[in-house]
Amino acid sequence: MKIAQIIKVLDELAPSSYQESYDNAGLIIGNAALDCTGVICSLDATEEVILEAKNKGCNLVVAHHPIIFNGLRKITGKNYVERAVIAAIKNDIALYAIHTNLDNLLQGVNGKMADRLGLNNRKILLHKQNTLMKLYTFVPEKDAEKVREAIFKAGGGHIGNYSECSFNIKGAGTFKPGAGTHPHTGEVGKREETNEEKIEVIFPFYLKDKLINAMTKAHPYEEVAYDLIALGNYFLEVGSGLIGELKEEMNEIDFLQLLKTKFNLKVIRHTPLTGRKVKKVALCGGAGSFLIKNALSAGADFYITSDVKYHEFFDAEDKLVIADIGHFESEQFTIDLLCDVLNLNFPTFAVLKSEVKTNPVNYFI
Ligand SMILES: [Zn+2]
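Residues numbered from 1 in each chain as written. Predicted model: local features only at pLDDT ≥ 70, side-chain atom pairs only at ≥ 80, totals over all residues. Heavy atoms only, no water.

A. A look at the pattern of salt bridges. This structure, assessed with the given rule, holds 15 salt bridges. Between Asp35 and Lys2 there is a salt bridge whose closest N-O contact spans 2.9 Å. A residue pair is termed long-range when its members are at least 10 positions apart, and Asp35 in the loop between strand E1 (26-29) and strand E2 (39-44) and Lys2 in the segment before helix H1 (3-13) qualify at 33 residues. When its relative accessible area of 45% is taken as the criterion, Asp35 is described as partly exposed. Note on Lys2: relative accessible area 36%, which makes it partly exposed. (Salt bridge = Lys/Arg side-chain N within 4 Å of Asp/Glu carboxyl O. Helix = DSSP H or I, 4+ residues; strand = E, 2+ residues; numbered from the N terminus. Buried < 20%, exposed > 50% of the residue type's maximum accessible area, 1.4 Å probe, protein only.)

In structure tokens form, the structure reads like this:
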């Protein structure tokens, strides 16, 4: 088992192209071509977690937060980031981060939080822009099925729970092969007219190269005719935050209690209760103040997130309750999500949850 094989599964779960521009997700330290001896999943790749990996015989740490985030100019061990980098390199331990690319999925960090609360009818709170493209290609009728098949296999034509979606229309194509060409049909210097099919498929932008490669390989023409169009449509499963509904509406105190129990919380910082019932719940794991306005406009009764500043709490305006449950606490189940995905794909391989409590925040109660 190579480290690259594990990374491939993680990248299929949360393509690194979905990360935000400021992020540093992906393989941060290590050589993907090396054999993997075991994986440890954690929220933070601190020095302690790296030493835990070493002691348990694992040479790959998969963490939610990238330990190198703002760039490093010196590596002398003077702070926790530099010490983690030194420990990883010294002990031949690879570090992989799966961060905002996992935040930006309906089934990612937020999906796991929604599972804990049993939310239904889940939707993204703020869709990510420019995630979808469309491909048109023109294929001789008899080869159309082969090309369609290749495009589907490469991930084209996938919409929600529907796969192999395409639109096909028949028409006539013309071309005149020039000197030095080797046309599939027709003769050099003579205009050829052939019965063709135009195939249309939608696909996520990050599959562009893969799709074009697969299409050109299956296509009989020397010069493959195709158009790529950027779409303004939203990819319904990709973006920040999540909103869903509780099965039964409940009063605010009961909901706070449920939240406390399901997330093992010592304390919840929250805005004044509104006195209304709770049905629609918005949430965002990690620092989610930037979505307060989206939670408000989506009509949420509660917005669960972390790292909310004093003045941001005022934005609730008695229209919803903002509940700050703590950064670590909001993302804690991400570790289970990573382990479950890896265990499912590599059932006989050692995938461990870190036992180090990396949360730097303590509560004196
Ligand atoms: Zn976070």
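B. Expanded view of the packing of aromatic side chains. Overall, the coordinates contain eight aromatic pairs when judged by the stated rule. Centroid distance Phe205 to Tyr206: 6.2 Å. Interplanar angle 85°. Geometry classified as edge-to-face. Consider the rings of Phe255 and Phe302, whose centres lie 4.7 Å apart with planes at 65°: the pair is edge-to-face. In this pair, Phe255 sits in helix H8 (residues 252-262) while Phe302 sits in strand E13 (residues 302-306), placing the two residues 47 residues apart along the sequence. Considered together, Phe255 and Phe302 belong to a single accessibility category, that of buried residues. Here a set of aromatic residues connected by ring pairs shows up, and it is made of Tyr18, Phe205 and Tyr206. The ring of Phe333 carries Arg116 above its face, with NZ or CZ at 4.0 Å from the centroid. Across the ring face of Tyr136, the terminal group of Lys198 is positioned such that the distance to the ring centre comes to 4.3 Å. (Phe/Tyr/Trp six-rings, centres within 6.5 Å; stacked < 30°, edge-to-face > 60°. Lys NZ or Arg CZ within 6 Å of the ring centre and 35° of its normal.)

C. Representation of the side chain of Ser330. Within the secondary structure layout, Ser330 lies in helix H11 (residues 327-331). One polar contact links the side chain of Ser330 to the main-chain carbonyl oxygen of His327, over a distance of 2.8 Å. (Polar contact = N/O pair within 3.5 Å; in protein donor to acceptor, adjacent residues only side chain to side chain.)

D. How the structure looks around the packing of H1 against helix H12 (residues 334-345). Closest axis-to-axis distance for the H1/H12 pair is 11 Å, and the angle between their directions is 120°. Taken together, the axis directions place H1 and H12 in an arrangement best described as oblique. Crossing handedness for the pair H1 and H12: right-handed. Counting all contacts with H1, which are made through Ile6, Val9, Leu10 and Leu13, the residues of H12 involved are Leu338, Val341, Leu342 and Asn345. When its residues are assigned to classes, the contact of H1 with H12 shows seven nonpolar, one polar and no charged. (Axes fitted to C-alpha atoms, helices over the stretch in contact; angles between N-to-C directions. Parallel < 35°, antiparallel > 145°, perpendicular 65-115°, else oblique. Left-handed = near helix turned anticlockwise from the far one by under 90°. Contact = heavy atoms within 4.5 Å. Nonpolar A, V, L, I, M, F, W, Y, C, P; charged D, E, K, R; others polar.)

E. Focus on the state of the cysteines. Applying the stated criterion across every chain yields a total of zero disulfides. Distance from the sulfur of Cys36, which forms no disulfide, to the nearest cysteine sulfur (Cys58) is 7.5 Å. (Disulfide = S-S within 2.5 Å.)

F. Seen up close, the packing of helix H6 (residues 144-153) against helix H7 (residues 208-218). Here H6 crosses H7 at 160°, and the two axes come no closer than 8 Å. Judged by the inter-axis angle, H6 sits roughly antiparallel to H7. Crossing geometry of H6 relative to H7 is assigned as right-handed. The segment H6 lies against H7, with Lys146, Val147, Ala150 and Ile151 engaging Leu211, Ala214, Met215 and Ala218.

G. Quick look at the coordination of the zinc ion. The zinc ion binds to the protein through His65 (NE2), His327 (NE2), Glu331 (OE) and Glu331 (OE); the donor distances cover 2.1 to 2.4 Å. Taken together, the four donor atoms surrounding the zinc ion define angles of 55 to 126° at the centre, an arrangement classified as irregular. Linear spacing of the donor residues for the zinc ion on their chain is H-x261-H-x3-E. Separated by 266 residues along the polypeptide, His65 in strand E3 (residues 60-65) and Glu331 in helix H11 bring together distant segments of the chain. (Donors = N, O, S within 2.8 Å, 3.2 Å for Na, K, Ca; no water. Tetrahedral: all angles 85-135°; square planar, octahedral: opposite > 155°, others 65-115°.)

H. Inspection of the sheet that holds strand E7 (residues 167-175) at higher detail. With respect to topology, four strands assemble into an open sheet ordered E7-E8-E6-E9, the strand pairing being antiparallel. Sheet topology places E7 and strand E9 (226-230) at the edges, where each strand pairs with a single neighbour. The average angle at which neighbouring strand axes cross in this sheet is 25°, direction not considered. Summarising the sheet, strand E6 (residues 132-140) and strand E8 (residues 192-204) pair through nine bridges and their orientation is antiparallel. (Pairing = 2+ DSSP bridges.)

I. Representation of the sheet that holds E13 in the model. In spatial order, the strands read E5-E10-E12-E13-E14-E11; together these six strands make up an open sheet with mixed pairing. This sheet does not close on itself; its edge strands, each paired only once, are strand E5 (120-127) and strand E11 (269-270). Bridge analysis of E5 against strand E10 (residues 239-250) gives five bridges, and the strand direction is antiparallel. Across the sheet, the residue bridging to Ile124 is Leu242, located in E10.

J. A look at the nonpolar core. In this structure, Ile6, Val39, Cys41, Leu60, Val62 and Leu342 are the most contacted members of the largest nonpolar core, which totals 34 residues. Elements with a minimum of two residues in this core: H1, E2, E3, strand E4 (94-97) and H12. With six residues, H12 is the single largest residue contributor to this core. The residues contacting Leu342, other than those within four sequence positions of it, are Ile6, Val9, Leu10, Val39, Cys41 and Val351. Membership of the second largest hydrophobic core comes to 23 residues, among which are Leu117, Phe263, Ala323 and Phe333. (Core = buried A, V, L, I, M, F, W, Y, C linked by side-chain atoms within 4.5 Å.)

K. Region of the structure containing H7. For H7, every residue scored as buried is listed here: Leu211, Ile212, Met215 and Ala218. What you see down the axis of H7 is that its buried residues fit within an arc of 140°, all on one side. In this structure, H7 carries Asp209, Asn213 and Lys217 as exposed residues pointing more than 90 degrees from its buried face. (Arc of directions from axis to C-beta.)

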